[in-house]
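# Fold and geometry: a report
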Amino acid sequence: MTRLLAGLTAAVLLLTACSGQAESGGPIKLTVATFGEFGYEKLFDEYEKAHPGITVEGRVADFETHHRQLATGLGAGRGAADVVAIEEQYLPKFRQSKDKFTDLSEFGAQSLRAGWPTWKWDQGTADGGKFVMGLGTDMGSLALCYRRDLFANAGLPTDREQVAALWPTWEKFAETGARFSTATPDVKFADSAGTIYTAMLNQGEENYFAKDGDKFVGDTNPNVRKAFELAGGMALKKETAAVTTFTQPWTVAIKQSRFAAITCPAWMLTQIEQAGGPELAGKWDVTSVPGGAGNWGGSFLTVPKQGPHRKEAYDLAAWLTAPEQQKRIFLESGLLPSAQGAYRDGAVLSHTSEYFSDAPVGKLFAASAEALRPNYRGLRDGEVRPVYGHALGRVEEGRQALDDAWAQAATEGRAAAGK
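Everything numeric here is computed off the predicted structure, so don't read it as measured data. (Residues numbered from 1 in each chain as written. Predicted model: local features only at pLDDT ≥ 70, side-chain atom pairs only at ≥ 80, totals over all residues. Heavy atoms only, no water.)

### Quick word on the environment of Ala-260
Among the structural elements, Ala-260 can be located in strand E8 (residues 259-265). Linking Ala-260 and Leu-150, residues 110 residues apart in sequence, is a C-alpha distance of 6.1 Å. (Helix = DSSP H or I, 4+ residues; strand = E, 2+ residues; numbered from the N terminus.)

Put into structure tokens, the structure is as follows:
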């Protein structure tokens, strides 16, 4: 497998080395649109040096704005970047407009298939795998971040293996939360019901929609109901800090040590470190999530058909998602590779985080990635998912009873699904 991936990477580099000029012989400017930072800036500079005549410019917007701008650009037939990242939550929706995207098979993408896990590759395709819409960038395999000092104050173990043994299941996780809250009532156990709920939801093969016919099942799927009730139950017991991820209150809550645990995909570690600052270095640690695996996020690089340099855009996307580049991005920025040759690389597996008490983050997140099952996202997942999140928020804020919140979410979710 390693020799195969090396050969594929070499092939990608050979292709890109031949594409520095447009057919007219003039300079080429390629734009790459992402939501948040993908760790590409240094790579853009390197690519330009290796490809005289090509300049690469990044466009960065927030999550919702980025995907809204893409939809607008596709509808107008102009304005989309040459290479555009799409998060897995939105991929089913944009797949319905695949005629506005380049089938990357035109440029040889099918030869790269062996470089990704089957589930990740399939996510980026349409028409039973015949149409390659995007190449996988990162994935958000799950772990559990916790504060060693706060656990010690609550009389809980701090060793990461002993901590993982506390919660083989989510029910045991909730029990641990109750123990923690009883021992240290002034500190919340988790950041929010939403992150617990999302992690549980993303461990299921289906959540709001059934794979068979994309039928809405959010109101009948027992996995959704179980996650909603467990997370909402912890919120009702005031075991969560009720702060929404990545908001200013969430950042303040981390800095002020107001909660002790959070379900964390690989990409979240950087945000936790930035929020906590140097004074919390060595106080955080990372261990396995209940259930041992799961995925929260992950993206693909696509090439809209409206671009004037689609071949060059593909070459750039293929190079950015090749194992060597994905490995470098993880080591520098913490985004877990989705390319097998990267997340199985020795440098990734041996990578530790000094900030997180020298936790073997490469090994932990790679193990989670190997064990995870693909999670089906329906065409209207992006519209339905926030409905349930808002319902949990109402419970957490004391504005609605758990059963009433569930009933309202089920009704609004069905409406958002267009069913």
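### A word on unusual backbone geometry
The phi torsion at Ser-257 lies on the positive side, around 55°, for a residue other than glycine. For Asp-358, which is not a glycine, the phi torsion comes out positive at approximately 60°. In this structure, Asp-358 sits in the loop between helix H16 (346-349) and helix H17 (361-371).

### A word on the side chain of His-66
By the secondary structure assignment, His-66 is in helix H3 (residues 63-76). Note on His-66: relative accessible area 3%, which makes it buried. Here Ala-85 takes part through its backbone oxygen, which lies 2.5 Å from a polar atom of the side chain of His-66. Once residues within four sequence positions are removed from consideration, His-66 is found in contact with Ala-33, Thr-34, Phe-35, Ala-61, Val-84 and Ala-85. (Buried < 20%, exposed > 50% of the residue type's maximum accessible area, 1.4 Å probe, protein only. Polar contact = N/O pair within 3.5 Å; in protein donor to acceptor, adjacent residues only side chain to side chain. Contact = heavy atoms within 4.5 Å.)

### Re the packing of aromatic side chains
Considering all chains together, one arrives at 30 aromatic pairs under this definition. With centroids separated by 6.1 Å and ring planes inclined at 90°, the aromatic side chains of Tyr-197 and Phe-228 adopt a geometry described as edge-to-face. In this pair, Tyr-197 sits in helix H9 (residues 193-201) while Phe-228 sits in helix H10 (residues 222-236), placing the two residues 31 residues apart along the sequence. No difference in accessibility class separates Tyr-197 from Phe-228, as the two residues are buried. (Phe/Tyr/Trp six-rings, centres within 6.5 Å; stacked < 30°, edge-to-face > 60°.)

### Overview of the state of the cysteines
Per the stated rule, a full pass over the model turns up 1 disulfide. Between Cys-145 and Cys-264 runs a disulfide, and the two sulfur atoms are separated by 2.2 Å. Disulfide Cys-145-Cys-264: the torsion about the S-S bond is 95°, which places it as right-handed. Here Cys-145, found in strand E6 (residues 134-147), pairs with Cys-264, found in strand E8; they are 119 residues apart in sequence, far enough to count as distant. (Disulfide = S-S within 2.5 Å.)

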